Structures are given as structure tokens and as C-alpha cells.
Amino acid sequence: MEWPTLDMLLFLLAAGFIAAFIDSVVGGGGLVSLPALLLAGLPPSIALGTNKLGGTLSSLTSTLSFLTSGKIDKKIALALFPLAFVGSALGTYTVHLLPSSFLRPLVVSLLIVILIYTLFKKNWDGTGRLRPMTKTSRTVLGAAAFVLGFYDGFFGPGTGSFLLFVFLLFGYDFVGASANAKVLNFASNIASLASFFLLKSVHIGYGLPMGLAMIAGALVGSQLAIRKGSTYVKPLFIVVTTLLIGKQLWDLF
């Protein structure tokens, strides 16, 4: 197993911390961590798997942080966790059978809709007025967890934004939506990481140091979100979603 040089180690530690700081709240950390691993010289397939190792450690830390703060709806999260897990496992398997690049235009369109909706919906103040959990709403939420889990395993960009948006639509405040979204993101990350390990596409020497830095970044980011609330989460959500749109457009054209 090859370990990075000191200069490369410091670079990976810094990139991991920044990526997890962002990802712990609204997702999108891959905008930082994946390019960093590619710059470190890893082949794309290995970089994707190694990035999942760091992302899993980051989402685990965020989940535990939000859990101890009481921001996670345990009943909902526990019910949706296996759906996101199974969806991600199927998505990771499917990506080896079908190309995922055709999804990029659809993802860009959906992210733009989410951004515009968030910016201009005047009565969306993030105060956490939950909608009643009817049989229909539970079915819709379950389907969303499965589909977005599948999407995360199959393609991935914007998963955190999509999950957070779904919980916002059901009436959670920005911090509560971020907390519950992170639980599902953790579920999808575990399934995807296991698949990458089976395919021998994870570089432990690079992924473990970055993952440790991501634990620190996730802890700082989630704690800041808990303390600052929607005044911090909403602007970060808007910024990261805008960057995701720009990145997907760049890759598309």
C-alpha cells in the first residue's frame, strides 16, 4: 500500500477538511475532495472509490453529531435508512451495466429548479412546521429515499442537495432537513463504499488520511450548523447548489 508524501499528505488533509465541512451540512463535498484525489494522481475509478471512503467517514461523523443534538427525526430516519441503503447498492451495481453520463442534463435541470424555488419561495422560512405524516406522504418519502439512494450509487452529484430539499418540502427546518438528509446519505455511502471495496477501487493510503481530516471537518461543520441554524444552512445550501450547477454545466459542455 502506497502512502502519500508529506506535501501530498498535507494537501489531502486540507482538501478533506474543507470538503467535509461543506458536505456535513448540505452535501457537495465531492466538489473539493474528488478533484483533490485526481490531482494526487489517482485514476478516476480509484479516486471515486477512495472519495467514498472519506465521504462515509464524514457522513458518519455528521450523523452522530446531529443525533446527539436531537436534530434527527429518529423514527423517520430509521424507517428510511434501509431504503436508501438498498437503493444505493442497486445503483452502484447498475452503473457497471449502463453509462450514467446521460443523467447530467436532467440533474442540471433539477438543481436549477431547486435553486430557483429556494430563492423565491417567500413563505419558506425554515421554521419547521411539519406536514402530517399520512400514508401517502410516508410512501412518497420512502420512494424518494430509495430513488435518491439509487441515484447516489449510480451517479451522485447533488445527492445531498436533493435529500435536503425533500425534507424541506415535508416541513422540516433547514437544520432538521440537513440532519435527516445526512442519515440517508450515510446509508447510501456505506452501500456504495462496500461495492467499491469489492471491486478493489479504494486506495487506503490516500483515503484514510483524507477520511480522518473529513471527520474533523464534518464535526466542525455540523456543530456550526446546529448553533447557527438556518441563517447558516440556507445560504450554504444556495451557494453549494449554484456551484454544483456550474460544475455539471462545465462537464456537459
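No experiment lies behind these values; they were computed from the predicted model shown.

Colleague: Hey, could you run me through the packing of aromatic side chains in this one?
Modeller: Within a pair of aromatic rings, the relevant descriptors are the distance that separates the centres and the angle that separates the planes. The full count for this structure, using the stated rule, is 4 aromatic pairs. Aromatic side chains F167 and Y172 sit 5.5 Å apart centroid to centroid with 85° between the ring planes, which places their arrangement in the edge-to-face category. Assigned by exposure class, F167 and Y172 land together as buried.

Colleague: It is not clear to me how a nonpolar patch on the surface should be interpreted in this structure. Could you clarify?
Modeller: Taken together, W3, L208, L212 and I215 make up a surface patch of nonpolar side chains, about 370 Å² in accessible area. Mapped onto the secondary structure, I215 falls in helix α9 (residues 204-228).

Colleague: Where do I start with helix α6 (residues 135-154) in this structure?
Modeller: Between its first and last C-alpha, α6 extends 28 Å over 20 residues, near the 28 Å set by a 1.5 Å rise per residue. Those residues of α6 lying buried are S137, L141, G142, A144, A145, L148, G149, Y151, D152, G153 and F154. Residues of α6 that are buried sit in contact with α3 (44-69), α4 (74-94), α5 (104-120), α7 (159-169) and α8 (174-198). Within two residues after α6, G156 carries a phi angle of roughly 110°, on the positive side.

Colleague: Even after reading the chapter, I still don't get the packing of helix α1 (residues 6-26) against helix α10 (residues 230-252), so can you show me in this structure?
Modeller: The geometry of a pair of packed helices is captured by two quantities: the angle between their axes and the separation between those axes. Two elements in contact, α1 and α10, have axes whose closest approach is 10 Å; the angle formed by their N-to-C orientations is 110°. Accordingly, the angle class assigned to the pair α1 and α10 is roughly perpendicular. Mapping the contact onto sequence places F21, I22, V25 and V26 in α1 and Y232, V233, L236, F237 and V240 in α10. For the contact of α1 with α10, the residue count by class is 9 nonpolar, no polar and no charged.

Colleague: What should I look at first to understand the environment of P99 in this one?
Modeller: For P99, the location among the structural elements is in the loop between α4 and α5. A residue is classified by how much of its surface remains accessible, and P99, at 56% relative accessible area, is exposed. Along the sequence, P99 and F154 sit 55 residues apart, while their C-alpha atoms lie 9.0 Å from each other.

Colleague: Sorry if this is basic, but what is going on with unusual backbone geometry here?
Modeller: As a rule of thumb, non-glycine residues mostly have phi less than zero, and peptide bonds are mostly trans rather than cis. Look at K200: it is not a glycine, yet its phi comes out positive at around 55°. With respect to the element layout, K200 can be found in the loop between α8 and α9.

About the thresholds
Residues numbered from 1 in each chain as written. Predicted model: local features only at pLDDT ≥ 70, side-chain atom pairs only at ≥ 80, totals over all residues. Heavy atoms only, no water. Phe/Tyr/Trp six-rings, centres within 6.5 Å; stacked < 30°, edge-to-face > 60°. Buried < 20%, exposed > 50% of the residue type's maximum accessible area, 1.4 Å probe, protein only. Patch = residues over 30% accessible without salt bridge, like charges linked within 9 Å, V, L, I, M, F, W, Y side chains within 5 Å. Areas by Shrake-Rupley, 256 points an atom, 1.4 Å probe, with all protein chains shown as cover. Salt bridge = Lys/Arg side-chain N within 4 Å of Asp/Glu carboxyl O. Helix = DSSP H or I, 4+ residues; strand = E, 2+ residues; numbered from the N terminus. Expected span 1.5 Å × (residues − 1). Contact = heavy atoms within 4.5 Å. Axes fitted to C-alpha atoms, helices over the stretch in contact; angles between N-to-C directions. Parallel < 35°, antiparallel > 145°, perpendicular 65-115°, else oblique. Nonpolar A, V, L, I, M, F, W, Y, C, P; charged D, E, K, R; others polar.

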